[in-house]
Amino acid sequence: MTTSTTAAPSSTPAVPAEVVTHTPVQDVALPGGAGTLALVTLENGQDHTRPTTFGPRGIAELAATVARLRERAEAGEIQAVAITGKPFVFAVGADLSGIPYVVERRQATEFASAGHAAFAAIMDLPVPTFAFVNGAAMGGGVELALACDHRSISAGVAAFALPETFLGLLPGWGGCYLLPNLIGPANALKVIVENPLSQNRMLTAKEVAALGIADVLLEPADFLEDSLRWAGGVVSGTTSGQRPEVARDEAVWDSACDSARKIVLAKSAGRATGALRAVELVRAARTATREEAFTAEDEALGDLTMSDELRAGLYAFDLVQKRAKRPAGAPDPSLARPVTKVGIVGAGLMASQLALLFARRLGVPVVLTDLDEARVAKGVDSVHAEIQGLLTKGRLSPDKASFLTRLVTGSTSKDGFADADFVIEAAFEEMSVKRQVFAEVEAVVSAECVLASNTSSLSITEMASALQHPERVVGLHFFNPVAVMPLVEVIPGEHTDDSALATAFATGRALGKTTIRVKDSASFVVNRLLGRFMGEFSRMVDEGTPVTTADRAVSGLAPMPPFVLLGVVGPTIALHNSETLNRAFGDRFHVSPSLRRLVEAGKRGYYLMDDGRPVPDPEVLAMAERPENPVELTVGQARERILEVLAEEVGLLLSEGVVATPMDIDLAMITGAGFQFWNGGLCPLLDREGASERVVGRRFLPPGVASVPAG
Amino acid sequence: MPRALQDVVFVDGVRTPFGRAGEKGMYAQTRADDLVIKCIRELLRRHPELPKERVEEVAIAATTQIGDQGLTLGRLAGLLSGLPATTPGYSIDRMCAGAMTAVTNVASSIGFGAIDVAIAGGVEHMGRHPMGEGIDPNPRIVAERIVDESALVMGKTAENLHDRFPHITKDRCDAYAVTSQHRLAAAYAAGKVQPDLVPVATRHVERGWGLATVDEPPRPGTTLEELGALKTPFRPHGNVTAGNAAGLNDGATACLLASQTAATELGLPVGMRLVSYGFVGVEPEVMGIGPVPATEKALRQAGLTIDDIGLLELNEAFAVQVIAFLDHFGIADDDERVNPWGGAIATGHPLASSGVRLMTQLARHFEEHPDVRYGLTAMCIGIGMGGCVLWENPHHADYGKES
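The rules behind these values
- Residues numbered from 1 in each chain as written.
- Chains lettered and ligands numbered in written order.
- Predicted model: local features only at pLDDT ≥ 70, side-chain atom pairs only at ≥ 80, totals over all residues.
- Helix = DSSP H or I, 4+ residues; strand = E, 2+ residues; numbered from the N terminus.
- Rg over C-alpha atoms; globule rule 2.2 N^0.38 Å.
- Buried ≥ 20, exposed ≤ 12 C-beta atoms within 10 Å, placed from the backbone.
- Contact = placed C-beta atoms within 7 Å.
- Pairing = 2+ DSSP bridges.
- Axes fitted to C-alpha atoms, helices over the stretch in contact; angles between N-to-C directions.
- Nonpolar A, V, L, I, M, F, W, Y, C, P; charged D, E, K, R; others polar.
- Parallel < 35°, antiparallel > 145°, perpendicular 65-115°, else oblique.
- Core = buried A, V, L, I, M, F, W, Y, C linked by C-beta atoms within 7 Å.
- Domains from an automatic or database assignment.
- Left-handed = near helix turned anticlockwise from the far one by under 90°.
- Expected span 1.5 Å × (residues − 1).

1. Section: the overall build of chain B
Part 1: Helix and strand content of chain B: 12 helices and 12 strands.
Part 2: Taking 2.2 N^0.38 as the reference for a compact globule, 403 residues should give roughly 22 Å; the C-alpha atoms of chain B span a radius of gyration of 20 Å, in line with that estimate.
Part 3: Overall, the C-alpha framework of chain B stretches about 60 × 55 × 50 Å when taken along its three principal axes.
Part 4: Burial statistics for chain B: of 403 residues in total, 58% are counted as buried.
Part 5: Within chain B, residue pairs in contact and separated by at least 24 positions form 81% of the contacts whose partners lie at least 6 positions apart.

See the structure below:
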């Protein structure tokens with residue numbers, strides 16, 4: 001566990017030191033003789049790379065500052081209060097780094113209610129209050145702004161969100177109460193629930209103003225001066241502080257909450273408890289008093305903080321935010337060689353996707369090769385068409401599109417690779433083909449050129465064995481669709497040297513991908529685990545468990561039901577993957593006869609789309625196995641079995657040293673297979689439901705790392 | 001190709017409140033470029049009648065053109081102020097007369113007909129960029145005695161001026177300084193200065209954000225006794241003190257200039273009309289005398305004499321150089337026509353920015369004095385120069401007629 005970025009609280013209970021947000025105050029003369037405004041700055045003394053957050057000490061300082069402002073307001077010394085942030089940051093909410101160390105519910109509710117008390121004190125100030133949202137505002141930062149009477153926002157603000165439900169929490173410093181009462185329940189729920197559950201979407205400043213969250217949108221160049229001018233107008237009454245009334249009709253309010261609830265259930269199979277509770281708090285916000293609402297938020301935060309789902313969510317967030325940036329086992333980045341030209345063997349769908357990614361991200365010439373002119377032309381044309389599409393959508397400027405178009409060329413000859421530093425093959429998934437391709441490439445390129453393979457299952461060592469320079473060969477396994485999936489598995493072969501490996505990691509990073517080091521072994525990590533998952537799912541169905549039962553058993557585990565996923569991946573590839581795994585590891589990887597028949601029949605999947613809804617294809621149903629002695633499992637039995645085989649496979653991956661730690665498995669499943677934050681990817685789920693202890697005899701992660709530690 | 005010259009008018013000018021340089025100053029952690037950007041933004045805000053794309057030049061002066069005063073400041077300040085990419089810009093350095101030179105440069109471009117509307121200004125953040133930062137004087141200056149070493153230290157050149165004009169005593173200088181402080185205080189009290197100050201949000205990591213709305217350097221209660229007790233840092237038992245000289249300051253200015261034709265077309269107000277200007281070099285050891293020949297040149301070019309000038313805005317780098325100018329032209333030390341709102345001794349002198357402050361104030365004096373037809377702005381310049389710009393009052397009955 002020494003490589004863990006998340007310390008285990010049971011062994012090292014030291015809570016990380018709080019980076020305290022201070023609240024210095026300066027008096028400002030409001031323009032137009034409107035009086036004196038006390039301007040509060042949220043400042044943690046660090047630059048924008050360490051955004052301002054609120055921990056217990058910061059909240060205490062804020063509360064003390066507000067108490068002092070209250071005295072001054074009552075004494076008539078100040079006529080208004082405004083809060084703004086340090087450059088580029090307003091505030092990004094509660095400091096969550098202490099949550100793994102919370103062992104008692106009381107600790108969570110106390111912190112929650114301390115924040116509530118400070119924000120309520122701002123709301124209760126006897127003078128008008130303003131938030132000047134100058135920069136990034138998230139979570140508690142947004143709620144602090146909501147606690148003020150009026151808000152301005154800089155057009156330069158790129159990140160404004162209530163992302164709590166994305167992590168498994170909810171906006172618990174007034175957000176679930178104040179926002180719906182400001183902009184109505186439907187829009188509030190978009191911000192509180194829908195956006196976080198849609199890849200954690202942020203609002204632009206323009207949207208914040210359009211939604212009515214901010215009263216005025218001002219240009220960044222003199223945002224603070226303009227905000228003060230505007231505040232002066234509001235205080236003196238020359239500028240209206242009025243905003244439209246929120247419709248409070250019960251039926252309308254409830255129906256907004258009902259449809260948000262449906263969205264949450266659809267997106268999370270009911271496992272996003274934070275989001276579900278947020279919806280109910282918004283529902284109650286129509287009639288609740290502030291005290292009732294804030295207390296309800298405190299209680300919800302207490303419950304959620306003490307839930308394993310939240311701890312797993314924070315663990316997953318930490319993996320994606322921190323571990324993904326420092327891949328475990330990567331060599332010294334300074335060993336990486338520059339990549340100034342890229343060759344791609346193959347001009348099929350995968351190759352074209354890679355070509356566009358390399359051209360866009362690296363800005364270097366990319367040469368595609370394939371066996372005949374027609375395939376080359378088709379590959380290059382498809383990349384050029386993609387670029388044209390981006391131009392049409394305004395995502396690229398004409399100059400940039402022209403640049404990228406000229407970067408991507410194709411040829412039937414590999415001569416164009418002569419001055420490439422990096423050649424990646426995306427040829428047919430067959431060892432003899434790959435070896436031949438690399439031999440041909442080696443005949444053209446320099447001795448230092450890195451040869452990468454996008455193989456999903458084959459041995460890198462074997463692929464490199466006949467080459468003059470096997471030390472330059474490395475696996476670089478991308479996931480489909482390449483532009484969307486963040487993961488790249490980096491696989492060194494037996495002879496791969498550190499420089500080639502460092503180049504592979506650096507290239508992966510330059511392409512904007514999360515890289516994970518994986519040992520050269522059949523199907524690496526993600527496809528092996530997905531293969532085991534899909535195989536066992538198919539085995540249960542083939543043995544007699546109805547698909548609907550099996551689907552319920554695995555709900556909330558993968559981003560979609562397995563047979564839907566089958567259609568996305570493609571039955572041919574899924575079958576190929578299961579056969580490869582079966583060859584490598586034997587019968588624990590099931591090759592489904594039904595799937596084979598489905599592929600032979602040329603079917604594209606298990607389902608047909610009927611009016612936008614997937615319904616099982618009757619022809620496919622007819623191909624299903626008819627076991628002599630059907631075994632029909634219950635949902636509970638099926639879930640237990642699936643989790644246990646996954647626990648077994650994770651145990652094997654770790655004992656075989658395919659990856660260094662469980663954290664790498666989780667990071668891989670989150671970024672490569674879309675596994676869920678609230679399960680921490682996979683290992684925390686297996687620990688939580690006891691599968692790891694039953695099968696492997698131990699937890700994968702110590703208690704507290706991705707779960708609530710014992711008190 | 002025959003071509004007609006265009007008349008050039010000063011439309012409007014603004015400045016930031018000036019700050020005291022150094023760690024305790026209000027702009028200690030505020031960027032220099034941001035100061036001048038606030039001025040440009042204010043000009044654009046005040047003149048919605050001016051389409052931004054009509055601004056055809058941005059000339060910004062700074063003496064020390066490094067860091068946040070570098071990188072072709074005029075161009076970047078334009079972009080950062082929201083002017084379109086088509087508006088060009090450049091940087092200027094003529095030491096203390098930077099902004100004045102920015103004005104005469106773009107005015108000449110307008111006069112020639114190359115452009116019609118321009119922004120000129122200056123900035124000096126002497127806290128972030130102390131005078132002489134990063135300089136590398138050519139060793140020939142000393143080896144060949146091109147100039148006396150004292151020429152590079154402005155306070156010493158002021159002491160040298162006392163040697164040349166022994167009748168200008170320290171007491172006279174101190175008395176002049178007290179008047180400057182009192183006049184500024186009176187102008188503030190009457191609310192004359194504030195309208196042309198741009199409020200600036202001041203960044204400070206410990207103190208938080210603040211808003212600068214008034215000058216920081218003035219010491220309105222200054223007395224002769226206090227000034228008499230100050231040290232003379234440039235010469236033992238000398239004459240020049242922190243009290244009878246401008247301080248080390250942070251601040252920025254900007255103004256809008258246009259051809260008379262464009263001003264009429266766009267409906268831009270006319271604050272002053274440019275009559276003539278002159279820059280003249282003098283011995284660098286006595287740079288403070290520079291405004292005298294510069295003014296004589298500008299007057300000569302305009303066919304005017306000092307008697308035609310009803311208002312004077314003189315930069316007060318040092319009391320001694322202002323008095324030397326006044327003596328030369330036979331004007332009393334406390335003449336009401338000179339610096340009616342006090343001068344740099346009170347407001348401060350952020351080197352390259354000061355020229356436009358003089359012009360902005362002269363335009364306001366013109367409004368108050370329609371009886372005055374001509375006024376001048378003049379200043380001494382380091383390394384031995386002087387600059388003078390003559391202006392005509394558009395509120396005068398004879399404005400636009402042959403003089």
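Here the narrative resumes.
2. So, the overall build of chain A
Part 1: Of regular secondary structure, chain A possesses 28 helices and 19 strands.
Part 2: Taken over the C-alpha trace, chain A has a radius of gyration of 28 Å; the compact-globule value for 711 residues is 27 Å, and the two agree within 12%.
Part 3: A burial count over chain A gives 52% of its 711 residues as buried.
Part 4: The long-range fraction of contacts in chain A, counting pairs at least 24 apart against all pairs at least 6 apart in sequence, stands at 75%.

3. Quick notes on the sheet that holds strand 16 (residues 487–492) of chain A
Within a sheet, neighbouring strands are paired by backbone hydrogen bonds and run either parallel or antiparallel to one another.
Residues and elements named next belong to chain A.
Part 1: Sheet architecture is open: eight strands sit in the order 12-11-10-13-14-15-16-17, paired in mixed fashion. On the outer flanks of this sheet lie strand 12 (408–411) and strand 17 (514–517), each paired with one strand and no other. In this sheet, neighbouring strand axes are inclined to one another by 25 degrees on average, regardless of whether the strands run parallel or antiparallel.
Part 2: For strand 10 (residues 342–345) and strand 11 (residues 366–369), the ladder comprises four bridges, and the chain directions are parallel. By the bridge assignment for strand 11, V342 is matched with V366.

4. A closer look at the sheet that holds strand 8 (residues 160–161) of chain A
Residue and element names in this part refer to chain A.
Part 1: Strand order in this open sheet of three strands is 4-6-8, and the pairing throughout is parallel. Because the sheet does not close on itself, it has two edges, and the strands there are strand 4 (89–91) and strand 8.
Part 2: In this sheet, strand 6 (residues 136–138) lies alongside strand 4 in parallel orientation, the contact comprising two bridges. Residue pairing for strand 6: V89 is matched across the bridge by A136.

5. Quick notes on the interface of chain B and chain A
Many descriptions give the size of an interface as the accessible area lost when the pieces come together.
Part 1: Every contact between the two is made by 18 residues of chain B and, on the other side, 18 residues of chain A.
Part 2: It is helix 1 (residues 32–46) of chain B that provides the largest number of residues to the side of chain B that touches chain A, a total of three residues.
Part 3: Within the side of chain B that touches chain A, the residues separate by chemical class into eight nonpolar, five polar and five charged.

6. A word on the environment of A:A316
All names here are of chain A.
Part 1: Topologically, A316 is positioned in helix 12 (residues 308–321).
Part 2: Classification of A316 by C-beta neighbours within 10 Å gives buried; the count is 26.
Part 3: Spatially, the C-alpha atoms of A316 and P684 are 9.6 Å apart, while their sequence positions differ by 368 residues.
Part 4: Once residues within four sequence positions are removed from consideration, A316 is found in contact with D666, I670, F677, G680 and G681.

7. Regarding the packing of helix 10 (residues 273–284) of chain A against helix 11 (residues 290–305) of chain A
Residue and element names in this part refer to chain A.
Part 1: It is the contact of helix 10 with helix 11, at a shortest axis distance of 11 Å, that shows an interaxial angle of 170 degrees. By the angle class used here, helix 10 and helix 11 are roughly antiparallel. For the pair helix 10 and helix 11, the contacting residues are T273, G274, R277, L281 and A284 in the first and A293, A296, E297, A300 and L304 in the second.
Part 2: A per-class count over the contact of helix 10 with helix 11 returns six nonpolar, two polar and two charged.

8. Some details on the pairing of strand 19 (residues 613–616) of chain A
Residues and elements named next belong to chain A.
Part 1: Pairing analysis gives four bridges linking strand 18 (residues 607–610) to strand 19, with the strands arranged antiparallel. Note on strand 19: the bridge partner recorded for M609 is P614.
Part 2: Hairpin remark: strand 18 followed by strand 19, antiparallel, with two residues in the connecting loop; positive phi at D611, about 55 degrees.

9. Some words on the nonpolar core
Part 1: Judged by nonpolar contacts, the single largest core of 343 residues is most densely connected at B:V103 and B:L257.
Part 2: When sequence neighbours within four positions are dropped, the list of residues in contact with B:L257 reads B:V8, B:V9, B:F10, B:V11, B:V103, B:V106, B:A107, B:I110, B:A118 and B:A120.

10. Remarks on the domain arrangement of chain A
Part 1: Considered domain by domain, chain A is made up of domain 1 (25–320), domain 2 (333–517) and domain 3 (526–657).
Part 2: Once you take the C-alpha centre of each, domain 1 of chain A and domain 2 of chain A turn out to be 45 Å apart.

11. Topic: the packing of helix 6 (residues 185–194) of chain A against helix 9 (residues 250–268) of chain A
Residues and elements named next belong to chain A.
Part 1: Across the interface, helix 6 lies against helix 9 with an axial gap of 9 Å and an inter-helix angle of 20 degrees. When the axis of helix 6 is compared with that of helix 9, the two are roughly parallel. Handedness of the helix 6/helix 9 crossing: right-handed. Counting all contacts with helix 6, which are made through P185, A186, L189, V193 and E194, the residues of helix 9 involved are W253, A256, C257, A260, I263 and V264.
Part 2: Partitioned by chemical class, the residues of the contact of helix 6 with helix 9 number 10 nonpolar, no polar and one charged.

12. Details of helix 6 (residues 170–189) of chain B
Residues and elements named next belong to chain B.
Part 1: The terminal C-alpha atoms of helix 6, which comprises 20 residues, lie 29 Å apart, in line with the 28 Å expected from a rise of 1.5 Å per residue.
Part 2: Those residues of helix 6 that fall on the buried side of the exposure criterion are K170, C173, D174, Y176, A177, V178, T179, S180, Q181, R183, L184 and A187.
Part 3: Buried residues belonging to helix 6 abut helix 7 (224–228), helix 10 (319–328) and helix 11 (344–347).

13. Here we look at the pairing of strand 8 (residues 249–259) of chain B
If a strand is regular, its side chains alternate between the two faces of the sheet.
Residues and elements named next belong to chain B.
Part 1: Among the 11 residues in strand 8, 11 count as buried, and that is most of the element.
Part 2: Side-chain alternation along strand 8 places N249, G251, T253, C255, L257 and S259 on one buried face and D250, A252, A254, L256 and A258 on a second face that is also buried.
Part 3: Across seven bridges, the pairing between strand 1 (residues 8–15) and strand 8 is antiparallel. In the sheet register, V9 faces strand 8, and the bridge partner there is A258.
Part 4: Bridge analysis of strand 2 (residues 19–20) against strand 8 gives two bridges, and the strand direction is antiparallel. Its bridge partner being in strand 8, R20 is matched across the sheet by N249.

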